[in-house]
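# Tertiary structure, described
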Amino acid sequence: MSEKPRTVIVGLDGVPFDMLKMFAHSSIMPNTQRLIDQGSFRPMRSSIPEISSVAWSSIITGVNPAEHGIFGFMDLVSGSYKMRFPNFQDLQVSPFWYSCPGQAVIMNVPSTYPVHPMNGVHISGFVSLDFEKSVHPPSIVPQLRRLGYRLDVDAQKAHSAMDEFLEELHASLEARIQAYRYLWDNYDWQVFMLTFTGTDRLMHFLFDAYEDPDHQHHGFFLDHFRTIDQTIGEIVDKISGDDVLIMLSDHGFERLQKDVYVNHLLASEGFLAFQPGSEPKLANISSATKAFALDPGRIYINQKGKYPAGSVSEKDKDACLKDLQQLFCSLEIDGKQVIKHIYRKQDIYAGPCLDQAADLILLADKGFNLKGSMAAEQLAGKGPFTGKHTYPDAFLLLNNKDLLRDFTDQPSVIDAGKFIKSRVSRT
Ligand SMILES: [Zn+2]
């Protein structure tokens, strides 16, 4: 092993600052409490929108979406209404491990599929399609298979067979821990990043179990966090005083009360229309459309020259944006305000990919979950999820009190990414 200080990053997908604090205080995560006592623990601002692909892309590059080019889980093929699935090849800025002079081990970071050759080990996180394309170097594939390593759980099972889903979640956590131990011991690494993503899966389906001590899966929920905390304890015991341990999440979570179908609102208010007799989908929108939405709350102006059925001219765009802002500002469901913030893209993004960004990005207020589905028959509904992502609500925890000196009181995922990059390039 190298004598130089090393950097360890532990990611907990979707874990809010308040939840981690509470688990640490209430002895569910005693090792995390130990770190909080010794180190520096702060709330951190997620990305906008507050989804894993966007936030982790900022954490691994230290830049905003208009620079790294990832704005959502799905995106538009430029100049069309076709949807595509951006992956690691679309990331416009190199992640930190390419500037690390030594070996890096990168495990399970979302939106890093397919893997590229690098100095060390990279196992991509969700959404990963093919095991072989998710692992570098290919020589470790047999070992990962022996350990029962899974790239992700089958979330579909949570809809039909919850017990099976939970069993899979547990098995994938155990296998990930086995794999981290194997890689920790067998590589002479300078930076090690291990991301836990079962936390996000658990909270989408079982946020109600977290809140209700009598829920049949409440114990499972807590045990998942206990197991992660034991791994954190193991890591703390293995690192030396000069090594830096960074724990962080990418966004927060809260109880989901209602899904809100933004395109349903746009259609009912005359902003969105489909070709007569056609199915309500993006490919069928007509030139009567002024705006449409993609998940979670990304609003695009149907601009002339930019899209095939574009109808809003450059000079009318601002008025259209104002009308939309007015519409979303006044949106209420059950007497509650639905939208907490509306951003114009230039308010929050800057960089060469700005043109690809949605024109407005909406953040939902408490309990509301924005959806871009085109086919919804009503404005609001309730699917199988009981938890939803939140902004700002992520956390940042470092094992050294001095390291956050230069940070603001509430750093962002971009600040965390910049810190990681500068730290790793020096090691
Ligand atoms: Zn999620």
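Report follows, based on the coordinates. (Residues numbered from 1 in each chain as written. Predicted model: local features only at pLDDT ≥ 70, side-chain atom pairs only at ≥ 80, totals over all residues. Heavy atoms only, no water.)

## Re the overall build of the protein chain
Counting its secondary structure elements, the protein chain contains 13 helices and 21 strands. At 22 Å, the protein chain has a C-alpha radius of gyration in line with the 22 Å of a compact globule built from 427 residues. Split into buried and exposed, the 427 residues of the protein chain put 59% on the buried side. Across the protein chain, every contact between residues at least 6 apart in sequence was considered, and the portion connecting residues at least 24 apart equals 68%. Here the protein chain displays about 17100 Å² of accessible surface, and carbon together with sulfur accounts for 48% of that area. Across the protein chain, the centroid of the 42 positively charged side chains sits 4 Å from that of the 52 negatively charged ones. (Helix = DSSP H or I, 4+ residues; strand = E, 2+ residues; numbered from the N terminus. Rg over C-alpha atoms; globule rule 2.2 N^0.38 Å. Buried < 20%, exposed > 50% of the residue type's maximum accessible area, 1.4 Å probe, protein only. Contact = heavy atoms within 4.5 Å. Areas by Shrake-Rupley, 256 points an atom, 1.4 Å probe, with all protein chains shown as cover. Lys, Arg positive; Asp, Glu negative; His and termini not counted. Charge placed at Lys NZ, Arg CZ, Asp CG, Glu CD.)

## Regarding the side chain of aspartate 208
Locating aspartate 208 in the fold gives a position in helix α8 (residues 198-211). With no salt bridge to any partner, buried aspartate 208 finds its closest opposite charge in arginine 255, at an N-O distance of 4.9 Å. For aspartate 208, the side chain forms a polar contact with the side chain of threonine 386, separated by 3.3 Å. Excluding anything up to four places from it in sequence, aspartate 208 contacts His215, Arg255 and Thr386. (Salt bridge = Lys/Arg side-chain N within 4 Å of Asp/Glu carboxyl O. Polar contact = N/O pair within 3.5 Å; in protein donor to acceptor, adjacent residues only side chain to side chain.)

## Considering the sheet that holds strand β12 (residues 291-294)
One open sheet accounts for four strands, arranged β12-β13-β17-β16; its pairing is antiparallel. The open sheet terminates on both sides in strands that have one partner only, identified here as β12 and β16 (339-344). Taken pair by pair, the neighbouring strands of this sheet meet at an average axis angle of 25°, ignoring direction. Note that strand β13 (residues 298-301) and strand β17 (residues 360-364) share two bridges and pair antiparallel. By the bridge assignment for β17, isoleucine 299 is matched with leucine 360. Along the sheet, helix α11 (residues 314-329) makes contact with β12, β13, β16 and β17, crossing β16 at roughly 170°. (Pairing = 2+ DSSP bridges. Axes fitted to C-alpha atoms, helices over the stretch in contact; angles between N-to-C directions.)

## Here's the deal with unusual backbone geometry
Across the junction of phenylalanine 126 and valine 127, the peptide omega takes the value 0°, indicating a cis bond. Counting through the fold element by element, valine 127 comes out in the loop between β6 (120-124) and β7 (135-136). With phi around 65°, asparagine 108 is a residue other than glycine that occupies positive phi space. You can see asparagine 108 is positioned in strand β5 (residues 103-109). A positive phi is found at aspartate 393, a non-glycine position, where the angle reads about 50°. Within the fold, aspartate 393 resides in strand β21 (residues 393-398).

## Examining the layout of surface pockets
By volume, the largest pocket is sized at about 890 Å³. Elements with a contribution of two residues or more to the lining of the largest pocket: α6 (156-160), α8, β12, β17, β18 (368-371) and β20 (387-390). In the lining of the largest pocket, the residues fall into 20 nonpolar, eight polar and eight charged. (1 Å grid on protein atoms, 1.4 Å probe; cavity = no way out; pocket = protein on both sides within 12 Å on 5 of 7 lines; lining within 4 Å. Points joined across faces, edges and corners; volume = space filled by probe spheres on them. Nonpolar A, V, L, I, M, F, W, Y, C, P; charged D, E, K, R; others polar.)

## Considerations on the packing of α8 against helix α9 (residues 218-238)
Contact geometry for α8 and α9: axes closest at 9 Å, N-to-C directions at 145°. Considering only the axes of α8 and α9, their crossing is left-handed. The residues of α9 that touch α8, namely those facing Gly198, Thr199, Leu202, Met203, Leu206, Ala209 and Tyr210, are His218, Phe220, Phe221, His224, Phe225 and Ile228. Residues belonging to the contact of α8 with α9 are distributed by class as follows: nine nonpolar, four polar and no charged. (Left-handed = near helix turned anticlockwise from the far one by under 90°.)

## Observations concerning a nonpolar patch on the surface
Taken together, the side chains of Phe85, Val127 and Leu129 present a nonpolar region at the surface, about 270 Å² in accessible area. Take leucine 129: it is sitting in the loop between β6 and β7. Leucine 129 gets classed as exposed once you look at its relative accessible area, which sits at 66%. (Patch = residues over 30% accessible without salt bridge, like charges linked within 9 Å, V, L, I, M, F, W, Y side chains within 5 Å.)

## A few points about the sheet that holds β18
Read across the open sheet, the three strands follow the order β18-β11-β19; overall the sheet is mixed. This sheet does not close on itself; its edge strands, each paired only once, are β18 and β19 (380-381). Bridge count between strand β11 (residues 258-261) and β19: two bridges; the pairing is antiparallel. Paired with aspartate 259 across the two strands is glycine 381, which belongs to β19.

## Some thoughts on empty space enclosed by the protein
Summed over all chains, the structure comprises three cavities of 30 Å³ or more. Computed from the structure, the largest cavity encloses a volume of approximately 70 Å³. Every residue along the wall of the largest cavity is listed here: Ser53, Ile70, Gly72, Phe73, Phe85, Pro86, Asn87, Phe88, Ser111, Tyr113, Phe126 and Val127. Class assignment of the residues belonging to the lining of the largest cavity gives a composition of eight nonpolar, four polar and no charged.

## Brief notes about the coordination of the zinc ion
In ideal tetrahedral geometry, four donors around a metal make angles of 109.5 degrees, whereas ideal octahedral geometry with six donors gives angles of 90 or 180 degrees. Summarising the metal site, the zinc ion is bound by the protein donors Asp200 (OD), Asp200 (OD), His204 (NE2) and His389 (NE2), whose distances to it range over 2.0 to 2.4 Å. Coordination at the zinc ion is irregular, judged from the four donor atoms that bind it and the angles of 56 to 150° they form at the metal. (Donors = N, O, S within 2.8 Å, 3.2 Å for Na, K, Ca; no water. Tetrahedral: all angles 85-135°; square planar, octahedral: opposite > 155°, others 65-115°.)

## Thoughts on the packing of aromatic side chains
Going through the model one piece at a time under the given rule, you end up with 25 aromatic pairs. On the numbers, 5.8 Å between centres and 85° between planes, the contact of tyrosine 180 with tryptophan 184 is edge-to-face. Of the two residues, tyrosine 180 and tryptophan 184 both sit in helix α7 (residues 162-186), four residues apart, roughly one turn of that helix. No difference in accessibility class separates tyrosine 180 from tryptophan 184, as the two residues are buried. Pairwise contacts between aromatic rings join Phe23, Phe207, Tyr210, Phe221, Phe225 and Phe253 into one cluster. Between arginine 6 and the ring centre of tryptophan 189, over which it is positioned, the NZ or CZ distance is 4.2 Å. For the cation-ring pair, arginine 201 lies above phenylalanine 126, with the distance from its terminal atom to the ring centre recorded as 4.1 Å. (Phe/Tyr/Trp six-rings, centres within 6.5 Å; stacked < 30°, edge-to-face > 60°. Lys NZ or Arg CZ within 6 Å of the ring centre and 35° of its normal.)

This is a description of form; function is not addressed.
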